[in-house]
Amino acid sequence: MKRIVLLPLALFSCMHVFAQKTSVDNVPAPVVEKFKTAYPTAEKVQWELDEEEFFAGFILNKKEKSAHYAADGKWLRTETPVRILDMPKTVKQCAFKNFKNYSIMDPVKVETGDKGIYYKMELTKDDLTYYAEISEVGELTKHYEKEDPN
């Protein structure tokens, strides 16, 4: 049980390995304003800069999230680690249909303004790992083999 709970948290932490932590003072005012408007009750907010994106990792209603913004304050997406049990049935069916005998690892719900809601995850079997994105309605929209770092 601990493994199931810790895996999404590990992914959430690993997603931002290459990001650079920054002080809220270094975040453009439009970004901070949009974030505060969207998530007024957010707790434990930590800002980071990843290439051209600013994002805030935070806790909302006891759930870890990250909200991503362009420098001009445009909201790009919000990501929330989820348990496999909490994924829509259509998403799980698509994953298992397209990746037979693979295990779903580190699923994340992604909410966007342009692409709607989708789920990204890793699918593993033996030494193979694929990265996949599946829409909320169960359509495989993106997938590729993840290279072994060794």
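Scope of this entry: the structure provided in the associated data block. Being a predicted model, the structure only gives us computed values, none of them experimental.

All of the buried residues in helix H3 (residues 89-98) are Val91, Cys94 and Ala95. Along the axis of H3, the buried residues cluster in a sector spanning 95°; they form a single face. Opposite the buried face of H3, at more than 90 degrees from it, the exposed residues are Lys89 and Lys97. Packed against the buried residues of H3 are strand S6 (103-112), strand S7 (117-125), strand S8 (128-135) and strand S9 (140-145).

Inside soluble globular proteins, nonpolar side chains tend to come together where they are buried. Counting residues in hydrophobic clusters, the biggest one holds 14 residues, and the most contacted among them are Met87, Met121 and Leu123. Within the residue set of this core, elements represented by two or more residues are H3, S7 and S8. Counting residues in hydrophobic clusters, the runner-up holds 13 residues, among them Val27, Val31, Val32 and Ala56.

Criteria and cut-off values
Residues numbered from 1 in each chain as written. Predicted model: local features only at pLDDT ≥ 70, side-chain atom pairs only at ≥ 80, totals over all residues. Heavy atoms only, no water. Buried < 20%, exposed > 50% of the residue type's maximum accessible area, 1.4 Å probe, protein only. Helix = DSSP H or I, 4+ residues; strand = E, 2+ residues; numbered from the N terminus. Arc of directions from axis to C-beta. Contact = heavy atoms within 4.5 Å. Core = buried A, V, L, I, M, F, W, Y, C linked by side-chain atoms within 4.5 Å.

Don't take any of this as a statement about function, it's just geometry.
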